Amino acid sequence: MGAANSLAALTGFLMTLTLASSFIIVGARRLGSAIRGAVVQAVLLAAVTAVRGWSTGVGEMYLAAGLTLIVKAGLIPYILHKVEVRVGSCPGVKSYVNMKMSFVTCAGLIILSYSATARLVEPGIGVVERALPTAVAMMLIGLFLMMTRKLAINQVVGLLVMENGIFLAAVGATNGMPPVVEVGVFLDVLAGVLIMGILAFRINRAFDTINTEDLRNLRG
Amino acid sequence: MPLILLGLPLATALLSVLAQNRKTLARINLAGSVGTAVFALLVSYRVFSRGPLTGLGEFIYVDALGAFIIALIGVVELAAGLYSLGYTEHELRAGEVSGSRLKWYYFWFYTFVFTMLAVVMSNNLGVMWVAIEGTTLSSALLVGYYDKHSSLEAAWKYIIICTVGIIFALFGIILLYLAAVAVSGGGSAALDWNSMIRIAGKLNPKLLKLAFIFILVGYGTKAGLAPMHTWLPDAHSQAPSPVSAMLSGVLLNCALYGILRVHLVVTKAVGSGFSAGLLLIFGLLSIAVALPFIVVQHDSKRLLAYSSIEHMGIVAAAVGLGGRLGLYGAFLHMLNHSLTKSSLFFSAGNVTQQYHSKKIGKIKGVIKTMPITGPALLLGAFAIAGVPPFGIFISEFTILSSGFAQGKYLATGLLLLLVSLVFAGMVFAMSKMTLGSPPDRIKAGEPSKLSAVMAVLPLGIILLLGIYIPAFVNNVLAQVVAVMGGGN
């Protein structure tokens, strides 16, 4: 019983760390540091998944943890880095909301998600209780990043934070999605980032920048 | 047979990349589009004559509702594939795109067809999600095919907005899974639609309602329901015309299909009012939002895109209104819209190639310059607006009369009002383009014979459906309505 309790506590702690790592991305002043933040988050997410696999005895969780490491901490940052190198440096955060307000808003989003999910799950089921608000908070922070960041690659990183939130919900609230679905989702995320990378590269070729502020000619 | 149907477009996509010259590429495309259409119709025929089909363990499940959409995909994919032959040839001659890009066009085209078929055929709701996201990814580069500023902007908005939307849907799927696991235990079968509908009555209603909201927002983004529709006019107008036809004609239906599957589970679990009510509200809102943009539109293809938002709104609202007759009308409307909109996008593509512009103000007298496309465009406009001899009139009439018969006067009256206002805007814009005298610089003629014929062909079917609905279509629709529960 003691071991199970401490495992649950460890899972909870790692989940909180995963959520906290979003702030590395929120506070990133350069593309490179945002991408590094995404790697940190992916590694933490893999750790959460592995610990969940250990505590539930569901072997497929290890597969999910491995895939998270390979895809989200390896391949995707590599693709984003490639795009970053090819489009050259874009100094500054390029955000519609300044850094201070971004932090305040994201903190508010976390409080909001805790209060919103509190009524949804019955208290006392341990990990689920902690997973849902953490996951929803990460989704909202990712969404916030996507809406406020101007550079195409930063928007993709925001998307990854959202997706990580979903993944956390699946890992924490259920014992992971069925493996077929899990692998399919990973494929989608990978292909998605690849295609977004291609598009960002083409946008840079046509507009000489990946600042999406310039992408607003289609109206009405 | 279902495996061949999934394999064919995939094989065609791969072969297209390997093709050495344009002639081979055209032949591969011809074989691929005809083959896929034949197998799509065979699979649906099999389902309509002998009942639901499962395959690949329990991964594939096709009932009447799925078979109906598969048939639509087959028909529109064939039309768009054939139309592509003439269309891309003309674009190459006009120097719009380089020849080396053509094989990638066909690669993504058939990958796109594959993902849409996968959406409709997958039993597991998680796999269906993967396939729906796949449709976005495979069509994003088609939207950005022209590599111009406007098409890249459209493609970026498309992939970002739809991916965000669909991530919400994934959260909804996880909530569904959470609800299902509590009843049936884990395993991949828990997300299978056919097992979920069996245990629907025991699922946690609070979770189901929340899941439906997330899925409606997520897939609704892809289905073009307002207020998540903002990417649609950009993407549908910037894509090459054959792709626009597939986006409007079938992709929107596939996304709506995803919503309907969950709607059925939720309806069985918590009663009819909740999800049907939401569909009705989002449907009416979509029509209302599309209306002003249709009335003041300057761009011919954006006009058609907003009209797609309107028609998806009509289908969603009709499903929301429910009733046996209303559902019959809803799916008849889906069929009518697919074919009419394909024809219209083909016509608009021909006009754009001839006039070198999509601007409604710069296009005049199409009837005089283009002997086949001109009348097709005008008739298509009447058809999409819902003028009597065409099928859309019948389906709209059915939906409205069913709504009034059920005593839902307010919603149905609103629907009637909105549809008539859109009618006026649509016919006005289209007659500005088709009638009058053409500018001097425009040569008379069609981009190619094939392009002209493809604009007329779907319209013929719609005319037929307006005058007389054959017994087998009637039977097919009755079976689809039976899957939908016949009435709420």
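These numbers were taken from a predicted model, which means no experiment stands behind them.

Trainee: Would you take a moment to explain the overall build of chain B for this structure?
Mentor: From N to C terminus, chain B includes 19 helices and two strands. Taking 488 residues into account, the globule formula puts the C-alpha radius of gyration at 23 Å, and chain B, at 21 Å, falls close to it. Residues classed as buried in chain B amount to 66% of the 488 residues present. Within chain B, counting contacts between residues at least 6 apart in sequence, those at least 24 apart form 80% of the total. In the structure as shown, chain B presents an accessible area of about 15,500 Å², 70% of it carried by carbon and sulfur atoms. Positive and negative charge centroids in chain B, built from 31 and 16 side chains respectively, lie 3 Å apart.

Trainee: What is the right way to read the overall build of chain A from this model?
Mentor: Scanning chain A for helices and strands turns up seven helices and zero strands. Helices (α) and strands (β) of chain A occur, in sequence order from the N terminus, as α-α-α-α-α-α-α. Relative to the globule expectation of 17 Å for 220 residues, the C-alpha radius of gyration of chain A, 18 Å, shows essentially globular dimensions. For the C-alpha atoms alone, the extent of chain A along its principal axes is close to 60 × 35 × 35 Å. Out of the 220 residues in chain A, the part that is buried amounts to 57%. Looking at chain A alone, contacts between residues at least 24 apart form 75% of all its contacts between residues at least 6 apart. About 9,200 Å² of surface is accessible on chain A, with carbon and sulfur atoms providing 66% of the total.

Trainee: I tried to follow the interface of chain B and chain A on my own but got confused; where do I start?
Mentor: It is common to give the size of an interface as the accessible area lost on bringing the parts into contact. Taken together, the contact pairs 46 residues of chain B with 45 residues of chain A. For the pair chain B and chain A, the number of links is one salt bridge. For Arg205(A), the salt bridge identified is with Asp147(B), shortest N-O distance 2.7 Å. Where chain B packs against chain A, one counts four residue pairs in polar contact (both at pLDDT 80 or more). Elements with a minimum of two residues in the side of chain B that touches chain A: helix H5 (125-143), helix H6 (149-184), helix H8 (205-223), helix H9 (232-238) and helix H12 (300-321) of chain B. Counting residues per element, the side of chain B that touches chain A draws most heavily on H6(B), at 20 residues. Of the residues belonging to the side of chain B that touches chain A, the class tally is 27 nonpolar, 11 polar and eight charged.

Trainee: What should I look at first to understand unusual backbone geometry in this one?
Mentor: Leave glycine aside and you will find that most residues have negative phi; peptide bonds, for their part, are mostly trans. Cis peptide bonds are those with omega within 30 degrees of zero, and the linkage from Ala226(B) to Pro227(B) qualifies with 0 degrees. Despite not being glycine, Asp208(A) has its phi angle at roughly 65 degrees, a positive value. Here the phi dihedral of His356(B) falls at roughly 55 degrees; this positive angle occurs in a residue that is not glycine. Mapping His356(B) onto the fold places it in the loop between helix H13 (324-355) and helix H14 (366-369). The exposure class assigned to His356(B) is exposed, which follows from its relative accessible area of 63%.

Trainee: Looking at this structure, I do not really get the environment of Trp54(A). What am I missing?
Mentor: Residue and element names in this part refer to chain A. Within the element layout of this structure, Trp54 appears in helix H2 (residues 31-56). For Trp54, a relative accessible area of 60% puts it in the exposed group. On a C-alpha basis, the gap between Trp54 and Leu7 in space is 8.7 Å, while along the polypeptide they are 47 residues apart.

Trainee: Looking at this model, I keep getting lost on the packing of aromatic side chains. Mind explaining?
Mentor: In this description, an aromatic ring pair is defined by two values, namely the gap between the centres and the angle between the planes. All names here are of chain B. Under the defined criterion, the tally for this structure stands at 20 aromatic pairs over all chains. Look at Tyr83 and Phe346: their rings are 4.3 Å apart centre to centre, the planes differ by 20 degrees, and that puts the pair in the stacked class. Residue Tyr83 is located in helix H3 (residues 64-93), and its partner Phe346 is located in helix H13; the two are separated by 263 residues in the primary sequence. With respect to burial, Tyr83 and Phe346 carry one shared label: buried. Look at Phe404 and Tyr409: their rings are 6.2 Å apart centre to centre, the planes differ by 35 degrees, and that puts the pair in the tilted class. By relative accessible area, Phe404 is classed as partly exposed at 29%. Taken together, the ring pairs in this structure connect Tyr105, Tyr106, Phe109, Tyr110, Tyr145 and Tyr146 into an aromatic cluster. Above the plane of the ring of Tyr146 lies Lys148, whose end atom (NZ or CZ) is 5.3 Å from the centre.

Rules used throughout
- Residues numbered from 1 in each chain as written.
- Chains lettered and ligands numbered in written order.
- Predicted model: local features only at pLDDT ≥ 70, side-chain atom pairs only at ≥ 80, totals over all residues.
- Heavy atoms only, no water.
- Helix = DSSP H or I, 4+ residues; strand = E, 2+ residues; numbered from the N terminus.
- Rg over C-alpha atoms; globule rule 2.2 N^0.38 Å.
- Buried < 20%, exposed > 50% of the residue type's maximum accessible area, 1.4 Å probe, protein only.
- Contact = heavy atoms within 4.5 Å.
- Areas by Shrake-Rupley, 256 points an atom, 1.4 Å probe, with all protein chains shown as cover.
- Lys, Arg positive; Asp, Glu negative; His and termini not counted.
- Charge placed at Lys NZ, Arg CZ, Asp CG, Glu CD.
- Salt bridge = Lys/Arg side-chain N within 4 Å of Asp/Glu carboxyl O.
- Polar contact = N/O pair within 3.5 Å; in protein donor to acceptor, adjacent residues only side chain to side chain.
- Nonpolar A, V, L, I, M, F, W, Y, C, P; charged D, E, K, R; others polar.
- Phe/Tyr/Trp six-rings, centres within 6.5 Å; stacked < 30°, edge-to-face > 60°.
- Lys NZ or Arg CZ within 6 Å of the ring centre and 35° of its normal.

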